[in-house]
Amino acid sequence: MKNRKMIPVFPPNSRVCFLGDSLTSGLWVEYIFDFYLEKFPHGNIRIYDTGIGGGTCDYALAHNDEDLFTFDPTHVVINFSENDVGALSACGDYEETKRLYKNGMKALTDQVKAHGCTVYYACPPPTPSREKMSINPRKIAHEVTCELAEEYDTYVCDMYELAAPFVGRYDFTDPDGCHMTDLGKSIFAKLFLTSQGFDDFDPESEDFGTVMPLSYDADHRLIFDNKIRCIWLAMRTISTTGDTTEAKVERIRQRLFTRADGAWDDFCYYRAVDFIELYPNMDFYREMLERSTDEMIEKAKKK
């Protein structure tokens, strides 16, 4: 019987996108990419973080043409949970919430598969704050992704089970009770890679509970990608409101200057204004990320 909880190693020439919300976006995806570059320096494997804080299945369905599919992915790892279940749980019934969430995940899966991508799933680790809830988004995500892996004959990285022994052992979760610390993200990445069959990390060793080092180029890819995602989120959020153009521009001015750090401020501001006043074109950002990633990889190979 197929081990559905073991995502296969990404093959040479693959382009892998991790799609989800704030529990997807960020450090742990870059850890995985950095590992693959070191492990398979000539594999021509690209891994992209296409998670957006606050994202949902519905949001992804509406914007994947401008976001996810611009990377021409061969494989997509879907990891939505908190925001979807949080919104749907207003119905007050566990089974109904689960049904609605599963419908959203199936619609998203069908859309991604229709573009010729291989779909895998991931689900978030448990956290004490969620275990106390009558409708636990982590538990629902765990149940649904395992069910979908069976239905679509694919695989899931079930972090709800894999990370459970480590959540209480290490400083895994932020004080907000939802997001992971940098150490938590590092352990998440190690567990993901271990679940793929790599034996580079020993869960019983002391080193397992330490933050993974990032290469210089990986660190800069992460900085670049994080800024792009923050810009994108701010633009998407603000551009869909019913305010006047002037009000939207002012909101961007207030928000981006706190999220884009220094030298990026003018760039972020004017690109965001363009987004509101003209037709949104995310190819610009995708091309910048693609070019930056490839340049940094080539630089690393020459060292």
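Residue numbering note: each chain is counted from 1, following its sequence as written. Local features in a predicted model are, by the rule used here, given only for residues with pLDDT of at least 70; side-chain atom pairs are given and counted only at 80 or more, and totals for whole chains, interfaces and linings are based on all residues. Only hydrogens and water are removed before side-chain values are computed, so all heavy atoms of the structure are retained for them.

1. Describing the overall build of the protein
Here comes step 1: A tally of regular secondary structure across the protein gives 13 helices and five strands.
Here comes step 2: The proportion of buried residues among the 303 residues of the protein is 55%. Secondary structure elements follow DSSP: runs of H or I no shorter than four residues count as helices, runs of E no shorter than two count as strands, and numbering proceeds from the N terminus. Accessible area is worked out with a 1.4 Å probe on protein chains only. A residue is then buried under 20% of its type maximum, exposed over 50%, and partly exposed in between.

2. Regarding the pairing of strand E3 (residues 75–79)
Here comes step 1: In terms of burial, E3 is largely enclosed, as five of its five residues are buried.
Here comes step 2: Alternating positions in E3 separate into two faces, His75, Val77 and Asn79 on one and Val76 and Ile78 on the other, with burial throughout.
Here comes step 3: Here, strands pair whenever DSSP counts at least two bridges between them. When strand E1 (residues 15–20) meets E3, the two strands line up parallel, connected through five bridges. Paired with Val16 across the bridge in E3 is His75.
Here comes step 4: In this sheet, strand E4 (residues 118–123) lies alongside E3 in parallel orientation, the contact comprising four bridges. Its bridge partner lying in E4, Val76 is registered against Val119.

3. Here we look at the packing of helix H1 (residues 27–39) against helix H9 (residues 182–195)
Here comes step 1: The convention used is that axes are lines fitted to C-alpha atoms, helices contributing only their stretch in contact, and that angles between N-to-C directions extend from 0 to 180 degrees. Interaxial distance between H1 and H9 falls to 8 Å at its minimum, and their mutual angle equals 45 degrees. The orientation of H1 with respect to H9, classified from their angle, is oblique. Crossing of H1 over H9 shows right-handed handedness. Of the residues in H9, those touching H1 at Leu27, Trp28, Tyr31, Ile32, Phe35 and Tyr36 are Asp182, Lys185, Ser186, Phe188, Ala189, Phe192 and Leu193.
Here comes step 2: Only Asp, Glu, Lys and Arg are considered charged in this grouping, and only Ala, Val, Leu, Ile, Met, Phe, Trp, Tyr, Cys and Pro are considered nonpolar; every other residue, Gly among them, is considered polar. Grouping the amino acids of the contact of H1 with H9 by side-chain chemistry returns ten nonpolar, one polar and two charged. Working definition: roughly parallel below 35 degrees, roughly antiparallel above 145 degrees, roughly perpendicular at 65 to 115 degrees, and oblique for all remaining angles. Whether a crossing is left-handed or right-handed is set by the direction in which the near helix is turned from the far one by less than a right angle, anticlockwise for left-handed and clockwise for right-handed. The contact criterion used is simple: two residues touch if any of their non-hydrogen atoms lie within 4.5 Å.

4. Focus: the confidence of the model for the protein
Close inspection of predicted coordinates is inappropriate for parts of the model with low pLDDT.
Here comes step 1: On a scale of 0 to 100, pLDDT captures the predictor's confidence in every residue. For the protein, per-residue confidence averages 81 on the pLDDT scale, and 75% of positions sit at 70 or higher.
Here comes step 2: Within the protein, E3 carries the highest mean pLDDT (97), whereas helix H12 (residues 265–277) carries the lowest (54).

5. Some thoughts on the environment of Glu151
Here comes step 1: Checked against the element boundaries, Glu151 lands in helix H6 (residues 137–151).
Here comes step 2: Take Glu151: its relative accessible area is 45%, and that puts it in the partly exposed class.
Here comes step 3: In this structure the C-alpha to C-alpha distance between Glu151 and Lys106, which are 45 residues apart in sequence, comes to 9.8 Å.
Here comes step 4: Residues in contact with Glu151, not counting those within four places in the same chain, are Lys102 and Lys106.
Here comes step 5: Here a polar contact means two N or O atoms within 3.5 Å. Within protein one must be a hydrogen donor candidate and the other an acceptor candidate, and residues neighboring in sequence count only if both atoms are side-chain atoms. Of the polar contacts made by the side chain of Glu151, one reaches the side chain of Lys102; its length is 2.6 Å.

6. Some details on the pattern of salt bridges
Here comes step 1: A side-chain nitrogen of Lys or Arg and a carboxyl oxygen of Asp or Glu constitute a salt bridge if their distance falls within 4 Å. All chains considered together, the criterion is met by ten salt bridges.
Here comes step 2: For the salt bridge of Arg138 with Glu82, the shortest nitrogen-to-oxygen distance reads 2.5 Å. Taken as a pair, Arg138 in helix H6 and Glu82 in helix H3 (residues 82–88) lie far apart in primary sequence, 56 residues in all. For the pair Arg138 and Glu82, one class covers both residues: buried.
Here comes step 3: Salt-bridge contacts for Glu151 lead to Lys106; the nearest nitrogen and oxygen are separated by 3.7 Å. In this pair, Glu151 sits in helix H6 while Lys106 sits in helix H4 (residues 94–114), placing the two residues 45 residues apart along the sequence.
Here comes step 4: When salt bridges that share partners are traced, they join Lys98, Lys102, Lys106, Lys139, Glu143, Glu147 and Glu151 into one network.

7. A few points about the sheet that holds E1
Here comes step 1: The sheet built from five strands is open, its strands ordered E2-E1-E3-E4-E5 with parallel pairing. Among the strands making up the open sheet, the edge pair consists of strand E2 (46–49) and strand E5 (156–158). Across this sheet, the average inter-strand angle for adjacent strands is 15 degrees, counted without regard to direction.
Here comes step 2: Where E4 meets E5, three bridges bridge the pair, whose relative direction is parallel. Residue pairing in the sheet places Ala122 in a bridge with Cys157 of E5.

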